[in-house]
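Here is what each chain is made of, one letter per residue.
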Amino acid sequence: MAQHQHVTHPIVLRRLEVKEVVDLNPRMRRVTLTGHELAGFERDGLDLPALVSTGFDDHVKLVLAEGGDIESALPVQRAQSIDWPEAPHRRMRDYTPSRWDPVARELDLDFVRHGDGPAATWAEKAQVGDALHIAGPKASVVLPEGIDWVLLAGDETAIPSVVRFLAERPTESPVQVVLEVRHPEAVQELDLRERDTVRWSVIGEHAPSALSTAVTAVDWWPGSVYAWAAGEGRSLLPLRRWLARDRGVPKSHQNVTGYWTEQPAAVSTAEVSGPAPTDPHVLLSPVPWFASRAALSLGLLDAVADAPRPVGALADALGIADQAIEALVDYLVVIEVLLRDGEAVRLGPVGELVLDEDELRGEHDDGLEGRALAALAELGPAVGAGQSAYARHHGRSLWADLQDDRELFADQLGEARGFPFVVRGLPALASWQGARAVTVTGIGAPTLVATEGLADVRFTVVEPPVPAAVLREEIASAEVRVEHGFERSDLVVAALALRYRTDDEVRALLAQAAASADRLLVVEELTDPTVVPTDHEAEHLLLRLSGTGSPSRTPERIVALAGDSGWDLVRHTSLGWTFEAFELTRTGA
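Visitor: Lay out helix α2 (residues 159–168) with the relevant residues and their values.
Guide: Because an α-helix packs 3.6 residues into every turn, residues spaced three or four apart end up facing the same way. A large share of α2 lies buried, amounting to eight of its 10 residues. Within α2, burial applies to Ile159, Pro160, Ser161, Val162, Val163, Arg164, Phe165 and Leu166.

Visitor: Describe the packing of aromatic side chains, with residues and values.
Guide: All told, the structure shown has 10 aromatic pairs when counted by the stated rule. Here the aromatic rings of phenylalanine 56 and tryptophan 228 are separated by 5.4 Å at their centres, their planes lie at 65°, and the arrangement is edge-to-face. Pair noted here: phenylalanine 56 is in the loop between β5 (46–48) and β6 (60–65) and tryptophan 228 is in strand β17 (residues 225–232), with a separation of 172 residues, a long-range link. Neither residue differs from the other here; phenylalanine 56 and tryptophan 228 are each classed as buried. Relative to phenylalanine 111, the ring of tyrosine 95 lies with its centre 4.6 Å away and its plane at 40°, an arrangement referred to as tilted.

Visitor: Give me the packing of helix α18 (residues 503–514) against helix α20 (residues 555–564): which residues, what numbers.
Guide: The packing of two helices is summarised by the inter-axis angle and the distance between the axes. Contact geometry of α18 with α20 gives a least axis separation of 8 Å together with a crossing angle of 55°. Between α18 and α20, the crossing angle belongs to the class labelled oblique. For the pair α18 and α20, the sense of crossing is right-handed. On α20, the residues touching Asp503, Val506, Arg507 and Leu510 of α18 are Arg557, Leu561, Ala562 and Asp564. Taken together, the residues of the contact of α18 with α20 sort by class into four nonpolar, no polar and four charged.

Visitor: Tell me about empty space enclosed by the protein, and name the residues and values.
Guide: Evaluation of the coordinates by the stated rule reveals three cavities of 30 Å³ or more. Space inside the largest cavity adds up to approximately 110 Å³. As for the largest cavity, its lining consists of Leu498, Arg499, Glu524, Glu525, Leu526, Arg544, Thr548, Ser550, Pro551, Ser552, Arg553 and Ile558.

Visitor: Give a description of the nonpolar core that names residues and reports values.
Guide: Phe419, Leu426, Trp432 and Phe459 are the most contacted members of the largest nonpolar core, which has 47 residues in total. Ignoring sequence-local partners within four residues, the contact set of phenylalanine 419 consists of Leu426, Gly444, Thr447, Leu448, Ala495, Leu496, Val523 and Phe579. Counting 23 residues, the second largest nonpolar core, distinct from the first, contains Ile159, Val162, Leu179 and Val181.

Visitor: I'd like a description of the environment of leucine 318, backed by residues and values.
Guide: Along the polypeptide, leucine 318 turns up in helix α7 (residues 311–318). With a relative accessible area of 26%, leucine 318 lands in the partly exposed category. Placed 20 residues apart in sequence, leucine 318 and leucine 298 show a C-alpha to C-alpha distance of 7.2 Å. Beyond its immediate sequence surroundings of up to four residues, leucine 318 is in contact with Leu298, Gly299 and Leu300.

Calculation notes
- Residues numbered from 1 in each chain as written.
- Predicted model: local features only at pLDDT ≥ 70, side-chain atom pairs only at ≥ 80, totals over all residues.
- Heavy atoms only, no water.
- Buried < 20%, exposed > 50% of the residue type's maximum accessible area, 1.4 Å probe, protein only.
- Helix = DSSP H or I, 4+ residues; strand = E, 2+ residues; numbered from the N terminus.
- Phe/Tyr/Trp six-rings, centres within 6.5 Å; stacked < 30°, edge-to-face > 60°.
- Axes fitted to C-alpha atoms, helices over the stretch in contact; angles between N-to-C directions.
- Parallel < 35°, antiparallel > 145°, perpendicular 65-115°, else oblique.
- Left-handed = near helix turned anticlockwise from the far one by under 90°.
- Contact = heavy atoms within 4.5 Å.
- Nonpolar A, V, L, I, M, F, W, Y, C, P; charged D, E, K, R; others polar.
- 1 Å grid on protein atoms, 1.4 Å probe; cavity = no way out; pocket = protein on both sides within 12 Å on 5 of 7 lines; lining within 4 Å.
- Points joined across faces, edges and corners; volume = space filled by probe spheres on them.
- Core = buried A, V, L, I, M, F, W, Y, C linked by side-chain atoms within 4.5 Å.

Bear in mind that shape data such as this cannot, by itself, settle questions of function.
The structure is reproduced here in structure tokens:
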């Protein structure tokens, strides 16, 4: 199912100054920023473009520094993007411009006046002339065509986006607005038209959000809707499910985003049941993941998503023995995937996350993440033998599975998330110059062939039959050929083509490229060895090790693999967003 569409922008770091500070009401402060860097400018030999912000929920990233040492907290500017070297004192927050005037060079940011976060603290102290560094926006949402009406919903953090939507009107369709605030003083005048409606819901300062309930009570108008909502992440989970399941709103017509996450209150060790996080017995239990995976594959989570159901009724509906489902439910309640509601069970907070967040669901179902996780049981023997745990467990390599499974391969196209922000820099590389016939392989191919300004390039995308069929559907231009084998060309581009292959499979691919061209451009997303990975990043590196036998190839390893396949390195360039480009020439050419 199609996702909502975006248009990407070059990511530029800009130093701006405060021009004006105005309190819209006791709960909202507007800071107007200006500066010559909002227009095109030059820095460190780079010609950087003017700020572009065309979407009502665009986000700029505020770069702040704990202790005030902002210079060492700033990212490194690249031609099309930026890199973020480690800076422990750096603090970043995303904000939506409520107004952007490119003629006056004015950018308005609205800050909710509560809390003590770094951005809120900065806004409270902001004075005319103060400096602020921002990066972005990196992309703007493009509304789908044929919309009959729009639903906008959110808490106080969503008000700036709603204000900008109503001011700029990306569609002439009528709008229903539902906003939840925690104090009557937060209510403000909105630029409504005759057919628009607005519903303000005022809740207490510490009351749980009721935004989803308020939205589900709207008068549902006929026709095609575009639904947008933003606010506290977990409170929006029921709304996302209601839009998809009850109202049938496709992903291309909804955008429900968690702007922030409420942190649970601190709990003393004495109040925590079960082993403490430092208890070594925690390391001995793979049971939570396997139990959640079983509940998902059996349909148990989906069966209780909308309403509590008795265990006996679940057993009958799912065709599971009563004793078996009782044991499974008992454990799922312990880990809060499910909760008991009298004789019935319902989704717990962990179950809500597993069911509604695509990434978590992917890690528990039979997708690539789930298969790589299952293969971890073979990690020790595989690493000891220099093998892929995935191939040892499943009997075939990860790339072999991707070649044969249409849905599995299609899912990976979304994994090239940062690539659209750096792809514009590839045609500027020396190895691209003079190339008219360009062969592309890898999951980055649809993004590359759609890059503006390359009308004079004849693209051929090369993949095995099943991936080729998926890419053909993704590539809009009928002029781009999609083939199953390499043909003679000026340049071969391996666009994120190595990440799912073992070393031997990489050598085979690059050897095929060497037989068809004298120039090769390899683009991969690498990890910075000088930066300590987060827990989440470290986990994904381990899954890559499970999948291919290589956690994340270093530049030296990529050059060595290319050398084994008949290529010599000419140049290695950092594109930004941890993407690296390797320009190579065929040995002896």
